[in-house]
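# Tertiary structure, described
Now for the letters of each chain:
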Amino acid sequence: ISLNGLRRRFKSDLSSRGAQATDRQKTILVRQQNALQRKVDAWKRVQLLYTPAAQLLSSRMETQAGGNPDNPEDIKLFLPSSLTADTASCSHHLLAIEWELRIAQAGDALDEIRQSLRLRDYMYTFKRNWIRGQSANTRAQNALGRVEARAAAAAEKYRVAHAALSSLAPVLNKVGWNLKFRSLNNRDDVRGMTVPRKGESEGRRQLSWIWLVEGVGDDEDQVVQDGLRVEWCKARARMMRWKEEIELLEEEMHRVLRFLQWHALWWDNVAHLRALEGAEKEGVVAYATRQAHLRRDLSAKFETTWARYLTAPPSLCTT
């Protein structure tokens, strides 16, 4: 697992250097690549003792590909989680060991993500309030880029661990693990406490699940505890506001029904207020009757539509 982490880190360093790397940087990359190759070779020697099936799969892949990959970061390591298919077998004891290690890796990756996000939010606030000038802003932006790269690396580490857990769980008959370790989405899940989803308003904002999993509330970091308390207060205020809106909406529904009933009776009375005779009286009565009928139809329609929402009688307009 640590070897996989070294490979991912080397790939990240290799891509960040690009084609414009200096001679010193290229020398460092070659040394890292050689060290990684030695560790991969050592891993294969150990793997031959405990999982011979992995060597068979490796030899088969090398034959199909026409030889061994030139770069150690591209060599498939065949960990026990990748040997759970029917075509390959692995010791149940090794699968259980990797399960425990992957659980720990996923937890550590989530901690790294949360720590990087808190640091990024603090740096954004500091940059906005105190940083002035082009050179200072450039340095601050570079520092933010490094923090975001660290968060992205931790997210990739978590996804690798989650994929391994998904492969191991059916074989080991593990259930309930995905309640804590869910699938991670970069766009919706990797965000700070105060950052909403794209298109999400403050009134409907919800915390990402990475801040709600078991163990976050037990963090001894005072900054984390203060942030969670603030978000809890905000969530409680939003809940109370929505509850108030629901009460007001129900009251408005009751008032609309009462008003339509009253207005229908008012039109019934209007037809007989003026002393008219003949066709004029018939016209006024017909118009008033039609208006009263419209109000009663609206009231009946609204009452049918709102029946499931109006569970209690009106509280403010009964008199």
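Please refer to the structure higher up on the page.
The structure displayed is predicted, hence computed values, not measured ones. (Residues numbered from 1 in each chain as written. Predicted model: local features only at pLDDT ≥ 70, side-chain atom pairs only at ≥ 80, totals over all residues. Heavy atoms only, no water.)

The next point concerns the layout of surface pockets. For the largest pocket, the calculated volume is near 580 Å³. Forming the boundary of the largest pocket are 19 residues, of which Arg 8, Arg 9, Ser 12, Ala 153 and Ala 154 lie nearest the centre. Secondary structure elements with two or more residues in the lining of the largest pocket: α1 (2-17), α4 (92-130) and α5 (134-172). Grouping the amino acids of the lining of the largest pocket by side-chain chemistry returns 6 nonpolar, 5 polar and 8 charged. (1 Å grid on protein atoms, 1.4 Å probe; cavity = no way out; pocket = protein on both sides within 12 Å on 5 of 7 lines; lining within 4 Å. Points joined across faces, edges and corners; volume = space filled by probe spheres on them. Helix = DSSP H or I, 4+ residues; strand = E, 2+ residues; numbered from the N terminus. Nonpolar A, V, L, I, M, F, W, Y, C, P; charged D, E, K, R; others polar.)

Here the focus is unusual backbone geometry. Not every positive phi belongs to a glycine, and Asn 173 is a case in point at roughly 60°. Turning to its location among the elements, Asn 173 is positioned in the loop between α5 and α6 (222-270). Residue classification places Asn 173 among the exposed residues on the basis of a relative accessible area of 65%. (Buried < 20%, exposed > 50% of the residue type's maximum accessible area, 1.4 Å probe, protein only.)

Bringing the packing of α4 against α5 into the picture now. Relative to each other, α4 and α5 sit at 155°, their axes nearing to 8 Å. As far as their axial angle goes, α5 and α4 are roughly antiparallel. Relative to α5, the crossing made by α4 is left-handed. Classifying every residue of the contact of α4 with α5 gives 27 nonpolar, 5 polar and 9 charged. (Axes fitted to C-alpha atoms, helices over the stretch in contact; angles between N-to-C directions. Parallel < 35°, antiparallel > 145°, perpendicular 65-115°, else oblique. Left-handed = near helix turned anticlockwise from the far one by under 90°.)

What follows deals with a nonpolar patch on the surface. A contiguous nonpolar surface patch, about 490 Å² in accessible area, is contributed by Leu 119, Tyr 122, Phe 126 and Trp 130. Within the secondary structure, Tyr 122 sits in helix α4. (Patch = residues over 30% accessible without salt bridge, like charges linked within 9 Å, V, L, I, M, F, W, Y side chains within 5 Å. Areas by Shrake-Rupley, 256 points an atom, 1.4 Å probe, with all protein chains shown as cover. Salt bridge = Lys/Arg side-chain N within 4 Å of Asp/Glu carboxyl O.)

Moving on, we come to the pattern of salt bridges. According to the stated counting rule, one finds 12 salt bridges in the structure shown. The salt bridge involving Glu 231 is made with Lys 234; its shortest N-O contact spans 3.9 Å. You can see Glu 231 and its partner Lys 234 sitting in helix α6, 3 residues apart, about one turn around the helix. Residue classification places Glu 231 among the buried positions, given a relative accessible area of 4%. A salt bridge links Asp 268 to Arg 296; the nearest nitrogen and oxygen atoms lie 2.5 Å apart. Here Arg 296 lies in helix α7 (residues 278-305) and Asp 268 lies in helix α6, a separation of 28 residues in the sequence. On the basis of relative accessible area, Arg 296 is assigned to the partly exposed category, the value being 40%. Overlapping salt bridges bring together Arg 205, Glu 231 and Lys 234 as one network.

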